[in-house]
Amino acid sequence: MRAAAPTDRHPLTADGSVELAVLERSGFDESRHVGAGVVVDADGSVLDAIGDAGASIYPRSTMKPFQALAIRRAGARFADEELVLSTASHAGTASHQALALRMLERFDHVEEDLGCPPDLPFDRETARGMAGPRRLAMNCSGKHAGMLAACRVHGWDEAGYLDVEHPLQQLVRSTVEDATGEVVDLVGTDGCGAPVFPLTLRGLARGIAGVVARSDDDTAALTDAVLAHPWAIDGVGRANTVTIERLGVVAKLGAEGVMVMGVPGGPAVAVKVLDGSTRAGTLAALTLLARNGLVSRAAVDDVLTTTGERVLGGGRPVGTLRPGAALV
């Protein structure tokens, strides 16, 4: 795919946003989330769009599938759960940390080699049992272990692997451009320290559609591994994992309210919640897929009932998070 720079690189704004979700408490609408979303087919053509699908966003961790492909194409050929962890925003459970450590040890690395910052895990029970933050518990540790492995395979400098001019990051950049059809013309720094590139929502969805289309050995391996080992990409009972288990679609969250999902064979959706909230992303993405006939609405309702926002009063359910006006 030939990459081209967007002619009007602009961020998503309130004017370019529509209502995605409403939180209702005790019969009264308490909060509203606005944003934008787009669904594309296997060829990247737009099937459905709400809000400004041409706006640019930082994809945050929804860029990880492209980073995982770059790692694999650089020669670090992880498989099964290890391949999934290289694209994960994992919950940091003991199982996730052990898997990240195994990835490091496979290429003679140790935890201190990781360039991601120490952190407490998303999983609260695991966090309570830890003495303090550590790099293995950081949700991006698998990606960083994979990046170090790629450097070891090529003999590239490992201390500077997060520098945007590093050969690995240049490979990530070209992988993103090839997948999305967009030229990278701006570079930011993600929360884990890795470079992150603004993409249009339309371009991001197009790139994810290409991954789940399984058109080459690398995208097929990544897609199949995620579908076979969904616990590793997020965590048991967590939204991405449950979505993958029950719907058979690849689901990947990103910080600041970004969500992508890809249906094996090619269709994909990308959503950005303008206020950065993560609670509306799964609902919006699944609703867009369902209204375009790409997943079962009954199955979507099942996932949302299991993983959706719990609106409690005195420990009892008193409300719900429902699709906003743009999704009804």
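Structure's up top.
Just so we're clear, the structure is a prediction, and the values are computed from it rather than from any experiment.

Quick look at the environment of G115
Moving on, step 1. Residue position: G115 is located in the loop between α3 (94–106) and α4 (124–128).
Moving on, step 2. In this structure the C-alpha to C-alpha distance between G115 and L162, which are 47 residues apart in sequence, comes to 7.4 Å.
Moving on, step 3. Among residues more than four places away in sequence, those in contact with G115 are R135, H144, Y161, L162 and C192.

Here's the deal with the pattern of salt bridges
Moving on, step 1. In the structure shown here, the tally under the stated rule is 20 salt bridges.
Moving on, step 2. Its salt-bridge partner being R32, residue D29 comes within 3.1 Å of it at the nearest N-O pair.
Moving on, step 3. In this structure, E182 and R206 form a salt bridge, with 3.9 Å as the shortest nitrogen-oxygen distance. With a gap of 24 residues between them, E182 in the loop between α6 (167–180) and β5 (188–189) and R206 in helix α7 (residues 201–212) connect regions that are remote in the sequence.
Moving on, step 4. A residue is classified by how much of its surface remains accessible, and E182, at 4% relative accessible area, is buried.
Moving on, step 5. One salt-bridge network, in which partners are shared between bridges, spans R72, R73, R77, D216 and D218.

Thoughts on empty space enclosed by the protein
Moving on, step 1. Within the structure shown, the criterion is met by one cavity of 30 Å³ or more.
Moving on, step 2. Estimates place the volume of the largest cavity at around 100 Å³.
Moving on, step 3. Lining the largest cavity are 14 residues, with P65, V211, L222, V226 and V250 sitting closest to its centre.
Moving on, step 4. Elements supplying a minimum of two residues to the lining of the largest cavity: α7, α8 (217–228), β8 (250–254) and β9 (258–262).
Moving on, step 5. Its residues assigned to classes, the lining of the largest cavity shows 10 nonpolar, three polar and one charged.

Comments concerning the layout of surface pockets
Moving on, step 1. In this model, the largest pocket occupies a volume close to 1100 Å³.
Moving on, step 2. Together, 47 residues line the largest pocket, and A239, T278, R279, T282 and T307 are the ones closest to its centre.
Moving on, step 3. When residues of the lining of the largest pocket are traced back to their parent elements, those giving at least two are α9 (239–247), β8, β9, α10 (281–291), α11 (297–307) and β13 (319–323).
Moving on, step 4. Residue contributions to the lining of the largest pocket peak at seven residues, all from α11.
Moving on, step 5. Its residues placed into classes, the lining of the largest pocket shows 19 nonpolar, 18 polar and 10 charged.

Brief notes about α3
Two residues of an α-helix separated by three or four positions point the same way, owing to the 3.6 residues in each turn.
Moving on, step 1. Compared with the 18 Å implied by 1.5 Å per residue over 13 residues, the 18 Å span of α3 between its first and last C-alpha is a close match.
Moving on, step 2. What α3 keeps buried is the set H96, Q97, L99, A100, M103 and L104. One side of α3 carries all its buried residues, which in axial view fall inside an arc of 160 degrees. Exposed side of α3, more than 90 degrees from the buried face: A94 and R106 are the residues found there.
Moving on, step 3. Looking at the buried positions of α3, the neighbouring elements they touch are α2 (80–85), α4 and α5 (141–154).
Moving on, step 4. Just downstream of α3, D108 is the residue with a positive phi angle, here 60 degrees.

Examining unusual backbone geometry
Peptide bonds are mostly trans, and most non-glycine residues show a negative phi.
Moving on, step 1. Positive phi is not limited to glycine here, since D80 has a value of about 55 degrees.
Moving on, step 2. Within the secondary structure layout, D80 lies in helix α2.
Moving on, step 3. If you check the backbone angles, R214 has positive phi at about 60 degrees while not being a glycine.
Moving on, step 4. Relative to the elements of secondary structure, R214 occurs in the loop between α7 and α8.

Notes on the side chain of H166
Moving on, step 1. Tracing the sequence through the fold places H166 in the loop between α5 and α6.
Moving on, step 2. Among the polar contacts listed, one links the side chain of H166 to the backbone oxygen of D157, at a separation of 2.6 Å.

Focus on the packing of helix α1 (residues 64–73) against α7
Moving on, step 1. Relative to each other, α1 and α7 sit at 45 degrees, their axes nearing to 10 Å. When the axis of α1 is compared with that of α7, the two are oblique. Handedness of the α1/α7 crossing: left-handed. Facing α1, whose interface residues are P65, F66 and L69, α7 presents L204, G207, I208 and V211.
Moving on, step 2. In terms of residue class, the contact of α1 with α7 is built from six nonpolar, one polar and no charged.

Details of α6
Moving on, step 1. Under the 1.5 Å per step criterion, the end-to-end length of α6 is 20 Å for 14 residues, consistent within 8% with the ideal 20 Å.
Moving on, step 2. Taken together, the buried positions of α6 are L168, Q169, V172, R173, T175, V176, E177, A179 and T180.
Moving on, step 3. For α6, the elements touching its buried residues are α1, α5, β6 (195–196), β7 (199–200) and α7.
Moving on, step 4. Where α6 ends, the next residue or the one after it, G181, has phi of about 75 degrees, a positive value.

Rules behind the numbers
- Residues numbered from 1 in each chain as written.
- Predicted model: local features only at pLDDT ≥ 70, side-chain atom pairs only at ≥ 80, totals over all residues.
- Heavy atoms only, no water.
- Helix = DSSP H or I, 4+ residues; strand = E, 2+ residues; numbered from the N terminus.
- Contact = heavy atoms within 4.5 Å.
- Salt bridge = Lys/Arg side-chain N within 4 Å of Asp/Glu carboxyl O.
- Buried < 20%, exposed > 50% of the residue type's maximum accessible area, 1.4 Å probe, protein only.
- 1 Å grid on protein atoms, 1.4 Å probe; cavity = no way out; pocket = protein on both sides within 12 Å on 5 of 7 lines; lining within 4 Å.
- Points joined across faces, edges and corners; volume = space filled by probe spheres on them.
- Nonpolar A, V, L, I, M, F, W, Y, C, P; charged D, E, K, R; others polar.
- Expected span 1.5 Å × (residues − 1).
- Arc of directions from axis to C-beta.
- Polar contact = N/O pair within 3.5 Å; in protein donor to acceptor, adjacent residues only side chain to side chain.
- Axes fitted to C-alpha atoms, helices over the stretch in contact; angles between N-to-C directions.
- Parallel < 35°, antiparallel > 145°, perpendicular 65-115°, else oblique.
- Left-handed = near helix turned anticlockwise from the far one by under 90°.

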